[in-house]
Amino acid sequence: MAADGQALMVGAEISGTVRHIGIYGALVDIGTGRDALLHVSQLAQIEGRGSENQAQLGSEIKAYVYKTRRDGYVALSLERPPLVPWGTIRQGRTYTGTVVRVEDFGVFVDFGAERPGMVHISEMSDNYVRTPSDVAEVGQEVEVRVVKKNGRSRQIDLTMKSAPEDALISDADEDEEEAPTSMAQAFRRAMQSEAAPVAQGNHQQRSRSNHREKQEEILARTLRGTQT
């Protein structure tokens, strides 16, 4: 388990104990004081992986940190996240990658993202390119720069042209999909439906209720942050 929230890094392998299972996924105690979310789409992948990774109440599972936020929100994945997380890809950012496919219209380059990016034939050189195979071949290492990414189709457009002297890396992520927000909403709903109402006079139960209220406050800030 992770020692504290600050030690969590995207891609880190961690173990945790399943504390609650609902229609939105599983809440997993990873030792940070705040439950992490293993989305229901991830739970479907557990079947057939062996008894060591079965999502049952009280069972221990191994997963990877998929997403973290400073306010404590943590999402988990059963698959190791890509070396270049989607949220870090920005227009103008340069990467070194490997050509994995050559087509008549361009090439596909694997630079560590969740899927290869495409370099259109018109973006393969500062000069005229008759056919992509004249410039690149499968297995060749090339330097590429992000032109655009599409959150809905998960498509990444790249260029191999020289960068303009005044080129800047964009901090905006306008085309990003609402996946982080959806995950945060699922986490909030799971927390809301987690337990039945408790007796008013029980001090221990009141403490748990206060803990959930604090988590809800954190999640509210998370939602505001992902919607800006």
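Presented here is an overview of the structure given in this document. Just so we're clear, the structure is a prediction, and the values are computed from it rather than from any experiment.

Within the chain, Arg154 stands out as a residue other than glycine whose phi angle is a positive 60 degrees. Tracing the backbone shows Arg154 in the loop between β9 (141–150) and β10 (155–159).

The next subject is the sheet that holds β9. Taken in spatial order, the five strands close into a barrel running β6-β7-β8-β10-β9, and their pairing is mixed. Strand-to-strand, the axes of this sheet are offset by a mean angle of 50 degrees, without reference to chain direction. In this sheet, β9 lies alongside strand β6 (residues 94–103) in antiparallel orientation, the contact comprising five bridges. Directly across from Thr96, in β9, lies its bridge partner Glu143.

In space, the five strands of this closed barrel follow the order β1-β2-β3-β5-β4, with mixed pairing throughout. Averaged over neighbouring strand pairs, the angle between their axes works out to 50 degrees when direction is ignored.

Once that is clear, we can look at the environment of Phe111. Along the chain, the position of Phe111 falls in the loop between β7 (106–110) and β8 (117–120). Aside from chain neighbours lying at most four places away, what touches Phe111 is Val84, Ile89, Tyr95, Thr96, Gly97, Gly117, Ile156 and Leu158.

Our focus in this paragraph is the nonpolar core. Residues Ile89, Val109, Phe111, Val119, Val144 and Leu158 are the most contacted members of the largest nonpolar core, which totals 20 residues. Taken together, the elements giving at least two residues each to this core come down to β6, β7, β9 and β10. Top contributing element to this core by residue count: β9, with three residues. Among all residues touching Ile89, those that are not within four sequence positions of it are Val84, Tyr95, Phe111, Ala113, Val146, Lys149 and Ile156. Grouped together as the second largest cluster of nonpolar side chains are 14 residues, Ile14, Ala36, Leu38 and Ala63 included.

What counts and what doesn't
Residues numbered from 1 in each chain as written. Predicted model: local features only at pLDDT ≥ 70, side-chain atom pairs only at ≥ 80, totals over all residues. Heavy atoms only, no water. Helix = DSSP H or I, 4+ residues; strand = E, 2+ residues; numbered from the N terminus. Pairing = 2+ DSSP bridges. Axes fitted to C-alpha atoms, helices over the stretch in contact; angles between N-to-C directions. Contact = heavy atoms within 4.5 Å. Core = buried A, V, L, I, M, F, W, Y, C linked by side-chain atoms within 4.5 Å. Buried < 20%, exposed > 50% of the residue type's maximum accessible area, 1.4 Å probe, protein only.

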